[in-house]
Amino acid sequence: MNNSVETETLQDKIENLLRKHGPEPPEYEELLSLVDAMEASEVEAFREAMQPILTPDTIIGFSFTKPFGYNGDFFIIEKIYQRYVNPDEHFRRWDEFFHTFPAAIAVVNRKALARKVLAELNSKAAGKQREVLILGSGPVTEVYEYFNENPANTLRFDLLDLDNRSIAYAKNKHRNNLHCMNFQNQNVIRFNPEKQYDLIWSAGLFDYFKDKHFVFLIRRYYEFVKEGGEMIIGNFNVENPSRKIMEVLGDWFLYHRSVDELNDFARRAGIPDDKISVIQEPLGINLFLRLRK
Ligand SMILES: C[S@@+](CC[C@H](N)C(=O)[O-])C[C@H]1O[C@@H](n2cnc3c(N)ncnc32)[C@H](O)[C@@H]1O
């Protein structure tokens, strides 16, 4: 891509893709390889060329333009969970392409993992009420699906989110479940829990925190895990094949972390070795630090 012939080829490819309103499945691999091989100095020109689809009309453009002011808002996460595809033919193929990204599949997978963890806690409860705290709750779709699958629910939820629009969305979605849900518009960094929890769960939040904040937060929240309870904190793995395209086209940057780094954070937070493990969704792209007590 560094000489004029190759640059022209890239330009042609982009124009061709835009003319036919996005890639078809046989073209996905080539487009992904092209982005993976891209130098930092080429990103701006590439984004400029892709401008017609880097609008909120496509999921990748929604990420790029950030209508809510930041990456990872409840709305884009819900679009990923629902595998939303814009029916407009100008954008449809781009959304279909997006949902094939391993990172997007891993996000859907993490919702299934959350439902499983909640269902297991509920089945252990034997009719006794169990307390769950969710940090950075977003659309709360995992709990919504858990409720649908577990009508005999014994879990009670405290849900924290910094964005009131996220809370308004989730409250409306859960309007029939509010008797066992307490939404709070809170920053998890400042929040002081008033009780102990059987489960503290967080996905899609700690990937935005620096290491020192990660360690600080697990140390503090671990104090609010009941004996026999657990805290489960998600983070994208350093092995994320979609990282480059999310950064280049989505302008979506995360702190990616390895299993070893997550284990190390837990040790630095003073959590005993035998209480620490790391689990993952089936693709291994979303890791979860699991801290038992
Ligand atoms: C990527 S979403 C994940 C939502 C949900 N946990 C899930 O996995 O579907 C992150 C959410 O965390 C919220 N958030 C970001 N920073 C926060 C903070 N410091 N305190 C509380 N919530 C925060 C955002 O508003 C957003 O709703």
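Rules used in this analysis
Residues numbered from 1 in each chain as written. Predicted model: local features only at pLDDT ≥ 70, side-chain atom pairs only at ≥ 80, totals over all residues. Heavy atoms only, no water. Helix = DSSP H or I, 4+ residues; strand = E, 2+ residues; numbered from the N terminus. Polar contact = N/O pair within 3.5 Å; in protein donor to acceptor, adjacent residues only side chain to side chain. Contact = heavy atoms within 4.5 Å. Near = heavy atom within 4 Å. Areas by Shrake-Rupley, 256 points an atom, 1.4 Å probe, with all protein chains shown as cover. Domains from an automatic or database assignment. Expected span 1.5 Å × (residues − 1). Pairing = 2+ DSSP bridges. Axes fitted to C-alpha atoms, helices over the stretch in contact; angles between N-to-C directions. Buried area = accessible area lost by both parts, 1.4 Å probe. Salt bridge = Lys/Arg side-chain N within 4 Å of Asp/Glu carboxyl O. Nonpolar A, V, L, I, M, F, W, Y, C, P; charged D, E, K, R; others polar.

Asks: Describe in detail the side chain of Asp158, supporting the description with residues and values.
Replies: Residue position: Asp158 is located in strand 2 (residues 155–161). Among the polar contacts made by the side chain of Asp158, one reaches the side chain of Arg156 at a distance of 3.1 Å. For Asp158, the residues in contact, after removing those within four places along its chain, are Val132, Leu133, Ile134, Asn182, Lys195 and Tyr197.

Asks: How would you explain the site of the ligand if you had to name every residue and give the values?
Replies: Residues in contact with the ligand amount to 19 residues; listed here are only the nearest, Tyr81, Gly136, Asp161, Asn187 and Ala203. One nitrogen or oxygen atom from the main chain of Gly136 is found 2.7 Å from a nitrogen atom belonging to the ligand. Measuring from a nitrogen atom of the ligand, one finds a backbone N or O atom of Ala203 at 2.8 Å. The fraction of the free accessible surface of the ligand (600 Å²) that becomes covered by protein chains is 93%. Here the shell around the ligand spans two domains, and each of domain 1 (4–100) and domain 2 (104–242 + 253–292) adds at least three residues to it.

Asks: Tell me what's going on with helix 7 (residues 102–124), and back it up with residues and numbers.
Replies: Structurally, the α-helix is built with 3.6 residues per turn, so residues lying three or four positions apart point the same way. Its 23 residues place the ends of helix 7 33 Å apart at the C-alpha level, agreeing with the 33 Å of an ideal helix rising 1.5 Å per residue. A positive backbone phi angle near 45 degrees is found at Ala126, which sits one or two residues after helix 7.

Asks: How would you summarise the sheet that holds strand 4 (residues 197–202) if you had to cite specific residues and measurements?
Replies: Strand order in the open sheet formed by seven strands is 3-2-1-4-5-7-6, and the pairing between neighbours is mixed. A strand with exactly one partner marks an edge of an open sheet, and here the two such strands are strand 3 (181–185) and strand 6 (276–280). Adjacent strand axes in the sheet meet at a mean angle of 15 degrees when their direction is disregarded. Sheet analysis places strand 2 next to strand 3, joined by five bridges and oriented parallel. Residue pairing for strand 3: Phe157 is matched across the bridge by Met181. Against the sheet, helix 7 engages strand 1 (130–135), strand 2, strand 4, strand 5 (225–236), strand 6 and strand 7 (286–292), with an angle of about 175 degrees to strand 4. Strand contacts of helix 8 (residues 141–149): strand 1, strand 2, strand 3 and strand 4, with the helix running at about 165 degrees to strand 2, the strand carrying the most contacts.

Asks: Account for the pairing of strand 6, naming residues and giving values.
Replies: Moving residue by residue along a regular strand, the side chains alternate between the two faces of the sheet. As judged from the five bridges shared by strand 6 and strand 7, these two strands associate in the antiparallel manner. Looking at the pairing, Ser277 lines up with Arg290 of strand 7.

Asks: A description of the domain arrangement of the protein should follow, citing residues and the corresponding values.
Replies: Assigned domains within the protein: domain 1 (4–100) and domain 2 (104–242 + 253–292). Summarising the inter-unit geometry, the C-alpha centres of domain 1 and domain 2 are found 30 Å apart. With 14 residues of domain 1 at the contact, the number on the domain 2 side is 16 residues. Here domain 1 packs against domain 2, burying approximately 1,500 Å² in sum over the two surfaces, 61% of which is carbon and sulfur. Three residues stand out in domain 1 for area buried against domain 2, namely Phe74, Glu78 and Tyr81, and they jointly supply 45% of the buried area on that side. For the interface between domain 1 and domain 2, the tally reads one salt bridge. Here Lys173 ties to Glu78 by a salt bridge, and the two come within 2.5 Å at their closest N and O atoms. If you look at where domain 1 meets domain 2, you find five residue pairs in polar contact (both at pLDDT 80 or more). For the side of domain 1 that touches domain 2, the element with the most residues is helix 5 (residues 74–81), which contributes five residues. Partitioning the side of domain 1 that touches domain 2 into residue classes produces seven nonpolar, five polar and two charged.

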